[in-house]
Amino acid sequence: MSFLGNRKQCREKVANSSPPRSYDRLHLIKIPVLVANGSNDILVPTENSITLWRKLVNADTHLHLYPDSGHGFLDEYHEHFARLVNEFLDEPKAWDERS
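Conventions used here
- Residues numbered from 1 in each chain as written.
- Predicted model: local features only at pLDDT ≥ 70, side-chain atom pairs only at ≥ 80, totals over all residues.
- Heavy atoms only, no water.
- Core = buried A, V, L, I, M, F, W, Y, C linked by side-chain atoms within 4.5 Å.
- Buried < 20%, exposed > 50% of the residue type's maximum accessible area, 1.4 Å probe, protein only.
- Contact = heavy atoms within 4.5 Å.
- Pairing = 2+ DSSP bridges.
- Helix = DSSP H or I, 4+ residues; strand = E, 2+ residues; numbered from the N terminus.
- Right-handed = clockwise from strand over helix to strand, strands pointing away.

### Section: the nonpolar core
So, step 1. Counting 5 residues, the largest nonpolar core is built from Leu-26, Val-33, Val-35, Leu-56 and Ala-59.
So, step 2. If near-sequence neighbours (up to four positions away) are discounted, Val-33 is found in contact with Leu-56, Ala-59, Asp-60, Thr-61, His-62 and Phe-88.

See below:
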């Protein structure tokens, strides 16, 4: 990205062009959300999933942390995770007119 102008003009352009932070828009989500993570994930820190769950204030949010597991929880708990996803998807949703 290049800008023409003095330093102040460049800073203003950058400040005005930066998109809003994703966390700042999570309150706009109003559909059910399933958040799953390993309790000891360092690749996608577990705290990020907890923060996501807390900030989804207008969504029916489900948080599931797999114990003693990291980023590989999908391999370690594949049967349980598959069941969890199927149950989540099978739940009647308030926004679903078929319910």
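### A few points about the pairing of strand β1 (residues 33–38)
So, step 1. Bridging between β1 and strand β2 (residues 61–66) involves 6 bridges; their strand directions are parallel. Note on β2: the bridge partner recorded for Ala-36 is His-64.
So, step 2. A crossover connection joins β1 to the parallel β2 through helix α2 (residues 46–55); in handedness this β-α-β unit is right-handed.

### A short note on unusual backbone geometry
So, step 1. One non-glycine residue, Asp-68, lies in the positive phi region at around 50°.
So, step 2. If you trace the backbone, Asp-68 turns up in the loop between β2 and α3 (73–76).

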